[in-house]
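Observations on chain architecture
In case you want the letters, here they are:
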Amino acid sequence: GAIDEAIPHHDRRDFFECWARNGGDRVLHELDPFIERRRGVNFSAAIGGALGEKRVAFLRERVSHHRSGDVIFVHAGLPPDRSHAGIFSQRWNRPLLLLDENAHWAWTRWPFLLPEGHPNGLHRRIFVVHGHTMPDVDPLATPRQIECGRLNLDGGTYSRDGAIRWARFVGR
């Protein structure tokens, strides 16, 4: 299926297992509540089938980040010791076995989430809006995050009541 084309064959199992551990299993269950009842289901085919071709095409076209002035919107964060070019040159579907999670824009948590992890070095003048880490895991409360140049908008939607977090950015 379309998901299969996006992820190299030898990396699919590792990718989907990691994705499932990070809430993907709940997403799949939301899309197809009866998935557990099927025996011998190919996980990547099930995801592609549950999402549908239009959603898969939409996901395939996504970019690593969006920048507006001094604000960067990125899935997980910016590793503080890497250049933007180095960070964003990494594919979203890079083999997880070859990946340093804390050096990848889609997976990083440490030291990015720590007060000393941002802003420093290469990202001093950038405000980072990110997710990937539920609020109860983030070591900083929202006011302190903002002081440190970042804002975590992950609401833990997949594991809670479905509520989302959002922010409105006005002006500079």
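I will try to describe carefully the structure that is included in this document. (Residues numbered from 1 in each chain as written. Predicted model: local features only at pLDDT ≥ 70, side-chain atom pairs only at ≥ 80, totals over all residues. Heavy atoms only, no water.)

Further remarks concern the environment of Met-134. By the secondary structure assignment, Met-134 is in the loop between β3 (127-130) and α6 (142-147). By relative accessible area, Met-134 is classed as buried at 18%. A sequence separation of 20 residues divides Met-134 from Asp-154, and the C-alpha atoms of the two residues are 5.5 Å apart. (Helix = DSSP H or I, 4+ residues; strand = E, 2+ residues; numbered from the N terminus. Buried < 20%, exposed > 50% of the residue type's maximum accessible area, 1.4 Å probe, protein only.)

Looking at chain direction, strand β1 (residues 65-68) and strand β2 (residues 71-74) are connected through 4 bridges and run antiparallel. Within β2, the position partnered with Ser-68 by the bridge is Val-71. A loop of 2 residues connects β1 with β2, the two strands running antiparallel in sequence, and Gly-69 in this loop sits at a positive phi of about 65°. Inspection of the sheet shows β2 paired to β3 by 3 bridges, in the parallel sense. In the strand pairing of β3, Ile-72 is matched with Val-128. (Pairing = 2+ DSSP bridges.)

Here the focus is the sheet that holds β2. Strands sit in the order β1-β2-β3-β4 across an open sheet of 4 strands; the sheet is mixed. The open sheet has two edge strands, β1 and β4 (150-152), and neither has a second partner. Neighbour-to-neighbour, the strand axes of this sheet turn through a mean angle of 15°, independent of strand direction. (Axes fitted to C-alpha atoms, helices over the stretch in contact; angles between N-to-C directions.)

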